[in-house]
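Secondary and tertiary structure notes
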Amino acid sequence: MLIHTIAEVREQVKEWRKQGLSIGLVPTMGALHDGHKSLIEKSVEKCDKTVVSVFVNPIQFCPGEDLDKYPRTLEADEKLCNDAGVDIVFAPSPKEMYGEGHILSNDFLTYVIPPYFYTDKLCGKSRVGHFDGVCTVVNKLFNIVQPDFAFFGEKDRQQLIILKKMVKDLNIPIQIIPCPIVREESGLALSSRNKYLSENDKKEALVLSKILFNIKACYEKGIKDCKLLHETAFSYLNEHHSLEYLEFRDADDLEEKKIADKNTIVFIALKIGDVRLIDNIALENV
Ligand code: PAF
């Protein structure tokens, strides 16, 4: 069922609650691919009812980013959701979410601001304010849907860590379920932004997973010094790649690691032409 208004979602959720049913929420910005599908399938399997939100959230885009050209494919998204057994596709307008005139500056809107220690690094460094926008919209979605479980992909690992922190700090009674990265056979992590890549760019984009897989292999052979592990990346890079960061950080609080251990995540962000891609890998599956 496709729903555009908050009131209708609330009405339906109230009905489910009366019947004692569990509810899963999969927040998305649409342009759904197999990565999203795996989150949706997990929710459908675990919960009595599943809500997928499809909302390109304007307040998490920084000036100059791809808000206007972000792929919008609601019809196809709805079909994927229906085929997967989703109960509600919630696709609100910006006006529905943020009100008349949708005034988005934090002079006029109450924001949820995650701690600076979590947001001044990795993607937060170049995307200032991005995680404020993410936490604010996810909080709103949590309040609208009031799910028992919410499903997020490990592909956006910094986002996942920040949202877990938000839920803990604000005592939000929702369990966050992390879902593994889905990759093409080539190793490329699925992302809605892969749609911007030409065939040739897609080949160049394999550099992200190659660097990460190689670092993990070196770690498994016994190299633990992050500086040495970092250096292994350079043989993969060429003039098509503009490396934004390659960092070793703690899986819980994003503290920088000098010596890699079982709780280390390797994060990478790199631009191919105008397209910014991110990926990450856990050095051990804990
Ligand atoms: O990961 C995303 O697609 C978005 O950041 C999210 C969580 C749906 C919030 O807009």
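Above this note sits the structure.
Presented here is a report on the structure given in the accompanying data block. (Residues numbered from 1 in each chain as written. Predicted model: local features only at pLDDT ≥ 70, side-chain atom pairs only at ≥ 80, totals over all residues. Heavy atoms only, no water.)

1. Considering the overall build of the protein
What counts, and what does not: In this description a helix means any DSSP run of H or I spanning at least four residues, a strand means any run of E spanning at least two, and both kinds are numbered starting from the N terminus. The quantity called the radius of gyration is restricted to C-alpha atoms. Its globule counterpart is 2.2 Å times the number of residues to the power 0.38. Between buried and exposed lies partly exposed: a residue is buried under 20% and exposed over 50% of the maximum accessible area for its type, with that area taken using a 1.4 Å probe on protein chains only. Contact between two residues is taken to exist if any of their heavy atoms lie within 4.5 Å; hydrogens are not considered. With residues, only the protein chains shown are counted as cover, and all accessible areas are computed by Shrake-Rupley using a 1.4 Å probe.
Of regular secondary structure, the protein possesses 10 helices and nine strands. Taken over the C-alpha trace, the protein has a radius of gyration of 19 Å; the compact-globule value for 286 residues is 19 Å, and the two agree within 12%. Over its C-alpha atoms, taken along the principal directions, the protein stretches across nearly 55 × 40 × 35 Å. Counting every position in the protein, which comprises 286 residues, the buried fraction comes to 52%. Across the protein, every contact between residues at least 6 apart in sequence was considered, and the portion connecting residues at least 24 apart equals 72%. Carbon and sulfur atoms form 50% of the exposed surface of the protein, whose accessible area is close to 14,000 Å².

2. Some details on the sheet that holds strand β9 (residues 275–282)
Definition in use: A pair of strands is considered paired only if DSSP assigns at least 2 bridges between the two. Axis lines are fitted to C-alpha atoms, over the contacting stretch for helices. Their N-to-C directions set the angle, which ranges from 0 to 180 degrees.
Ordered in space as β7-β8-β9, the three strands form an open sheet in which the pairing is antiparallel. Across the chains shown, the open sheet's two edge strands, defined by having one partner strand only, are β7 (241–250) and β9. Put simply, the sheet's adjacent strands are angled 15° from each other on average, direction ignored. In terms of strand pairing, β7 meets strand β8 (residues 264–272) through nine bridges, oriented antiparallel. Directly across from Tyr245, in β8, lies its bridge partner Ala269. With respect to the sheet, helix α8 (residues 157–169) is in contact with β7, β8 and β9, its orientation differing from that of β8 by roughly 130°.

3. Some words on the environment of Asp34
Tracing the chain through its elements places Asp34 in helix α2 (residues 34–46). Asp34 sits in the partly exposed class, given a relative accessible area of 47%. Each C-alpha atom, one on Asp34 and one on Tyr111, is 31 Å from the other, the two residues being 77 residues apart in sequence. In this structure Asp34 touches Val182 and Leu190, once residues within four positions along its chain are discounted.

4. So, the pairing of strand β2 (residues 23–28)
Among the six residues in β2, six count as buried, and that is most of the element. Side-chain alternation along β2 places Ile23, Leu25 and Pro27 on one buried face and Gly24, Val26 and Thr28 on a second face that is also buried. As paired elements, β2 and strand β3 (residues 49–54) share six bridges and run parallel to each other. Bridge assignment links Thr28 to a residue of β3, and that residue is Val54. Sheet topology places β2 next to strand β5 (residues 149–153); two bridges connect them, and they run parallel. What sits directly across from Gly24, in β5, is Phe149.

5. Observations regarding the sheet that holds β2
Taken together, the six strands give an open sheet; going across it, the order is β1-β4-β3-β2-β5-β6, and neighbouring strands pair in parallel fashion. The sheet is open, and its two edges are formed by β1 (2–3) and β6 (175–179), each paired on a single side. The pairing of β1 with strand β4 (residues 88–90) spans two bridges and is classified as parallel. Bridge assignment links Ile3 to a residue of β4, and that residue is Phe90. In this fold helix α3 (residues 74–84) packs onto β1, β3 and β4, with an angle of close to 165° to the strand it touches most, β3.

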